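Listed here are the chains, written in short residue letters.
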Amino acid sequence: MKLTEILSALPTPCYVIEECSLVDNLETLWEVEQKTGCHVLLAQKAFSNYKTYPLISEYISGTTASGLFEAKLAHEEMPGAMNHVFSPAYKDDEIDELLTICDHIVFNSFSQWKHFREKALRYPDVSFGLRINPEYSEIETDIYNPCFENSRLGITLSAFEKNEKELEGISGLHFHTMCEQGADTLERTLAVVEEKFGKYLYNMKWINFGGGHHITKPDYDVEKLVTLINRIKGKYDLEVYIEPGEAVAIDAGYLVCTVLDITKNGMDIAIVDTSAACHMPDVLEMPYRPFIIGSGNGGEKPYTYRLGGPTCLAGDVIGDYSFDKPLSVGDRLIFTDMAMYTTVKNNTFNGMPLPSIYILHRDESVELVRKFGYEDFKSRL
Ligand SMILES: *Cc1c(COP(=O)(O)O)cnc(C)c1O
């Protein structure tokens, strides 16, 4: 059966995770591990659909978490894999559990490290690191730039130098300064990291290059990444970790919706049973325009519509799209690249129902993972 037919047969709204695309991504990441001996960790904040964790763990070393809950999820659903965590600040009642389930814990400041050090050092199997802020990033949107002025993320060189005497017990450095970027950005970033923090790297057991590496995009220079990792490993004699989120789940899923109504106000408008604000918040936050199968930009094909969700938010507009034929109520529209930063970020603003989650397996069978209803809305309030 054709993909669009399979997807259009499902009740909407729904997310569909596409196993074969996930595997394509994972094969590239596996290759990076094979060619370098580095460890690739899934950044769960981008994609936490744990039904796929057994599959993911066949290809990459493990996961990283933004805090206790993601770390617990990985501990339960990807047992035996590497479980790393970084948070801008841990709470006293979280650290005890993290120490028993994580193998790497990264602190954001010397004060957090000093606060937890005594307890931490009672766990010889856990490795501790510090997040550095190299004060170099090529990200232009402040909300995604961890190196903007007065950023709370990571330790700058001047703060690091002042605390050098506190480094005992620290085995690694972590930086995360990239977003959807290529190996050339990593190369320039590493040059700054080495210039500033190179003197410390000789004494470390590992370095973590963070996320934001667009490794599974067709134009990404995987060979350059391999060369960079191997060079750093060799020069400082340490392990290298990278923790992509997007690169694991890019283009690995769909959001299917139904046209509910068609109106007109200066142009044709279609209201669909999915919402940018609730089901694909990055469309408004990044912002970006997601692709719909069979569509063109506004004005490109004969019939153009402004698509919006059924919430009260005036700005709940997904974008302008054109089609070969006029849209009708009941038509299905399929958004692509909807596996990452969607199911982990959605919400029930306006009492919007959450889309069901399906997995499209490699044998074309479709598995319903989770269906949501009124109780899921009510139980959070
Ligand atoms: C967001 C984030 C990642 C993953 O970023 P992607 O852009 O999804 O690859 C990895 N590490 C840290 C610390 C992050 O904040």
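Overview of the structure.

**So, the side chain of E194**
By the secondary structure assignment, E194 is in helix α8 (residues 183–201). In contact with E194, not counting residues within four places along its chain, are R231, I232, K235 and Y236.

**As for the pattern of salt bridges**
All told, the structure shown has 21 salt bridges when counted by the stated rule. Between E223 and K35 there is a salt bridge; the shortest N-O distance is 2.8 Å. On the criterion of sequence distance, the pair formed by E223 in helix α9 (residues 222–236) and K35 in helix α2 (residues 19–36) is long-range, its members being 188 residues apart. Judged by relative accessible area, which is 39%, K35 ranks as partly exposed. Linked by salt bridges that have partners in common, E31, K35 and E223 make up one network.

**Concerning the sheet that holds strand β2 (residues 39–43)**
Strand order in the closed barrel formed by 8 strands is β2-β3-β4-β5-β6-β7-β8-β9, and the pairing between neighbours is parallel. The average angle at which neighbouring strand axes cross in this sheet is 25°, direction not considered.

**Looking at the site of the ligand**
A43, K45, R131, H174, H176, G211, G212, E243, P244, G245, E246 and Y341 make up every residue found near the ligand. The side chain of K45 places a nitrogen or oxygen atom 2.7 Å from an oxygen atom of the ligand. Between the ligand and the protein, one listed contact pairs an oxygen atom with a backbone N or O atom of E246 at 2.9 Å. Among the residues forming the shell around the ligand, the class breakdown is 3 nonpolar, 5 polar and 4 charged.

**Some words on the packing of α8 against α9**
Contact pair α8 / α9: the axes reach a minimum separation of 11 Å and the direction vectors enclose 10°. Classed by the angle they form, the pair α8 and α9 counts as roughly parallel. Counted together, A183, D184, L186, E187, L190, E194, G198 and L201 of α8 and K224, L225, L228, R231, I232, K235 and Y236 of α9 form the full contact between these two elements. Classifying every residue of the contact of α8 with α9 by side-chain character gives 8 nonpolar, 1 polar and 6 charged.

**Some details on the nonpolar core**
Counting residues in each nonpolar core, the largest one holds 98 residues, and the members touching the most others are I105, L130, F160, F209, L307 and F335. Beyond its immediate chain neighbours, meaning those up to four positions away, F160 contacts F110, L130, I132, I155, L167, L173, F197 and Y200. Among the nonpolar cores identified, the runner-up in size contains 10 residues, and I6, L7, C14 and Y358 belong to it.

**Describing α2**
The terminal C-alpha atoms of α2 lie 26 Å apart, and with 18 residues this matches the ideal 26 Å at 1.5 Å per residue to within 8%. Those residues of α2 lying buried are E19, S21, L22, V23, N25, L26, L29, V32, E33 and T36.

**Overview of the pairing of strand β11 (residues 268–272)**
Relative to β11, strand β10 (residues 253–264) runs antiparallel, the two sharing 5 bridges. Across the sheet, the residue bridging to K264 is D268, located in β11. Of the pairings in the sheet, the one linking β11 to strand β13 (residues 303–308) comprises 3 bridges and is parallel in character. Bridge pairing in β13 places I269 opposite R306.

**Regarding helix α5 (residues 92–101)**
Looking only at α5, the buried set comprises I95, L98, L99 and I101. Summarising the contacts, the buried residues of α5 are in contact with α4 (68–77), β4 (82–86), β5 (104–107), α6 (110–120) and β6 (127–131).

**A few points about unusual backbone geometry**
Note the cis peptide between T12 and P13, where omega equals -5°. Inspection of the secondary structure puts P13 in the loop between α1 (3–8) and β1 (14–18). Residue P287 is bonded to the preceding M286 through a cis peptide linkage, with omega at -15°. Following the sequence through the fold, P287 ends up in the loop between α12 (282–285) and β12 (296–297). Even without being glycine, D251 reaches a positive phi, approximately 55°. Positive phi values are uncommon outside glycine, yet N350 reaches one of about 70°. Along the chain, N350 falls in the loop between β15 (332–336) and β16 (356–360).

Reading guide: rules and limits
- Residues numbered from 1 in each chain as written.
- Predicted model: local features only at pLDDT ≥ 70, side-chain atom pairs only at ≥ 80, totals over all residues.
- Heavy atoms only, no water.
- Helix = DSSP H or I, 4+ residues; strand = E, 2+ residues; numbered from the N terminus.
- Contact = heavy atoms within 4.5 Å.
- Salt bridge = Lys/Arg side-chain N within 4 Å of Asp/Glu carboxyl O.
- Buried < 20%, exposed > 50% of the residue type's maximum accessible area, 1.4 Å probe, protein only.
- Pairing = 2+ DSSP bridges.
- Axes fitted to C-alpha atoms, helices over the stretch in contact; angles between N-to-C directions.
- Near = heavy atom within 4 Å.
- Polar contact = N/O pair within 3.5 Å; in protein donor to acceptor, adjacent residues only side chain to side chain.
- Nonpolar A, V, L, I, M, F, W, Y, C, P; charged D, E, K, R; others polar.
- Parallel < 35°, antiparallel > 145°, perpendicular 65-115°, else oblique.
- Core = buried A, V, L, I, M, F, W, Y, C linked by side-chain atoms within 4.5 Å.
- Expected span 1.5 Å × (residues − 1).

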